[in-house]
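# Chains, contacts and geometry: an overview
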Amino acid sequence: MSLLVVGSVAFDGIESPYGKVDKTIGGAATYFAVAASYFTHVNLVGIVGDDFSEKDAEIFRGRHIDTDGLERATGKSFFWAGRYSENLNERVTLTTELNVFAEFKPKLPEKYKKSKYAFLANIAPDLQRDVLHQVKERPKLVALDTMNYWIERTNSELKETLKHIDILVINDSETRELSNEHNLLRAAKHIFKLGPSTLVVKRGEYGAMLVDKRGVFCVPAFPLEEPHDPTGAGDSFAGGFMGYLAGARQKNDGALRRAMVYGSVMGSFTVEKFGLDRLRHLKRSEIHARARHFSKLTQFKL
Ligand code: AMP
């Protein structure tokens, strides 16, 4: 079942207590697509500049990722740089250069227009809506991520886009900022009035929480002794979550719970090494083994 994703394909500069890289492949759509491709076929929509080489594009090769929707433009690719605190829990953005993204007008290849699942990764809300409108039949499931950058700069455009989606996948501080509610359950009630019927809150080392009309489901983050770089963990979570749902062709309560576990599994692999170094070299057996480990982690008898 094909899963459409639109979002940033970028170069990142990352500083963490475990090391520093000046320029590595990143971007929300990149992490999402690589994570999701372990579960389903992915249709990628994005833009890169002429500094993005054939060698860079190898990240997408040999996987179930269609890159016909990845436009190449003259100029520089999106660039983002960030620095993590000693405990990796806080991150400051040092640079955001939109570059070719500033003029991006997404155009879906014909074959993408039948995608049954869609993920609108963290980009300008107008672009997210534009991509969704190009899909011919309304997909079975549409999820969206955003961040403080868009909540603050393009709030009314974001609210318009939210009317058209099913699942909002954001982190805890963004949830609070968007809803003006500190309590996450009250925030969920507020967000349901904006359009989405399901809220998934990514909570870093505290795991993730899903809220819908049936109630609440929580997964922990996988306990790691030596996390190295949290960049892209949220997008990898979303890739595992949506990839699982598209691959399973289900969206009932049981499937959503398993999707939360696979999301957490993919996020945990990403933080083990810098950039995409761990995520890109996974075996399916490692993914399923870690999912079984999650089951052990959370089982108890009363
Ligand atoms: P995450 O750690 O899950 O928040 O995602 C980090 C990725 O998001 C990095 O690889 C960045 O290239 C990308 N990113 C950072 N800021 C933005 C932005 N304003 N719009 C789109 N992508 C971004």
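Look above for the structure.
Just so it is clear, the model here is predicted, and its values are computed rather than measured. (Residues numbered from 1 in each chain as written. Predicted model: local features only at pLDDT ≥ 70, side-chain atom pairs only at ≥ 80, totals over all residues. Heavy atoms only, no water.)

## Remarks on the sheet that holds strand 1 (residues 2-6)
One open sheet holds the 9 strands; their spatial order is 5-4-1-8-9-10-11-12-13, and the pairing between them is mixed. Looking at the sheet topology across the chains shown, the edges are occupied by strand 5 (65-72) and strand 13 (215-219). For this sheet, the mean angle separating the axes of adjacent strands, direction not counted, is 15 degrees. Relative to strand 8 (residues 117-120), strand 1 is paired through 4 bridges, and the arrangement is parallel. By the bridge assignment for strand 8, Val6 is matched with Leu120. (Pairing = 2+ DSSP bridges. Helix = DSSP H or I, 4+ residues; strand = E, 2+ residues; numbered from the N terminus. Axes fitted to C-alpha atoms, helices over the stretch in contact; angles between N-to-C directions.)

## Points about the site of the ligand
Residues in contact with the ligand amount to 19 residues; listed here are only the nearest, Asp12, Gly27, Asn122, Gly232 and Asp235. Asp12 places a polar side-chain atom, nitrogen or oxygen, 2.4 Å from an oxygen atom of the ligand. Residue Asn122 places a main-chain N or O atom 3.3 Å away from a nitrogen atom belonging to the ligand. At the level of secondary structure, the elements contributing two or more residues to the shell around the ligand comprise strand 2 (10-16), helix 1 (28-36), strand 6 (78-84) and helix 8 (233-248). Of all the elements, helix 8 adds the most residues to the shell around the ligand, at 3 residues. Looking at the shell around the ligand, its residues break down into 9 nonpolar, 7 polar and 3 charged. (Near = heavy atom within 4 Å. Polar contact = N/O pair within 3.5 Å; in protein donor to acceptor, adjacent residues only side chain to side chain. Nonpolar A, V, L, I, M, F, W, Y, C, P; charged D, E, K, R; others polar.)

## Thoughts on unusual backbone geometry
Phi at Leu88 takes a positive value of approximately 70 degrees, unusual for a residue other than glycine. Following the sequence through the fold, Leu88 ends up in the loop between strand 6 and strand 7 (91-97). Exposure remark for Leu88: the relative accessible area of 11% places this residue in the buried category. Unusually for a residue other than glycine, Asn180 sits at a positive phi of about 60 degrees. Overall, the relative accessible area of 71% leaves Asn180 in the exposed class. (Buried < 20%, exposed > 50% of the residue type's maximum accessible area, 1.4 Å probe, protein only.)

## Some words on the packing of helix 8 against helix 9 (residues 253-272)
One can describe the packing of helix 8 onto helix 9 by two numbers: an axis separation of 7 Å at closest approach and a directional angle of 145 degrees. For the element pair helix 8 and helix 9, the recorded crossing hand is right-handed. Residues Ala233, Ser236, Phe237, Gly240, Phe241, Tyr244 and Leu245 of helix 8 lie in contact with helix 9, whose contacting residues are Ala255, Leu256, Arg258, Ala259, Met260, Tyr262, Gly263, Ser264, Met266, Gly267, Thr270 and Val271. Of the residues belonging to the contact of helix 8 with helix 9, the class tally is 12 nonpolar, 6 polar and 1 charged. (Left-handed = near helix turned anticlockwise from the far one by under 90°. Contact = heavy atoms within 4.5 Å.)

## Details of helix 7 (residues 184-194)
Inspection of helix 7 places Leu184, Ala187, Ala188, Ile191 and Leu194 among the buried residues, and these make up the whole buried set. One side of helix 7 carries all its buried residues, which in axial view fall inside an arc of 105 degrees. Along helix 7, the residues that are exposed and aim more than 90 degrees away from the buried face are Arg186, Lys189 and Lys193. Where the residues of helix 7 are buried, they touch helix 5 (155-162), strand 10 (167-171), helix 6 (172-179), strand 11 (198-202) and strand 12 (208-212). (Arc of directions from axis to C-beta.)

## Focus: the environment of Ser37
Among the structural elements, Ser37 can be located in the loop between helix 1 and strand 4 (41-48). Between the C-alpha atom of Ser37 and that of Ser2, which follows or precedes it by 35 residues, the distance is 9.9 Å. Sequence-distant contacts of Ser37, defined by excluding residues within four places in its chain, comprise Val42, Arg63, His64 and Ile65. Within the structure, Ser37 has its side chain in polar contact with the backbone oxygen of Val34 (distance 2.8 Å).

## A closer look at the sheet that holds strand 3 (residues 19-26)
With mixed pairing, the 4 strands of this open sheet are ordered in space as 3-2-6-7. Two strands bound the open sheet, and with one partner strand each, they are strand 3 and strand 7. Across this sheet, the average inter-strand angle for adjacent strands is 15 degrees, counted without regard to direction. Examined bridge by bridge, strand 2 and strand 6 share 6 bridges and lie parallel to one another. Pairing of Asp12 across the sheet is with Trp80, part of strand 6. With respect to the sheet, helix 1 is in contact with strand 2 and strand 3, its orientation differing from that of strand 3 by roughly 75 degrees.

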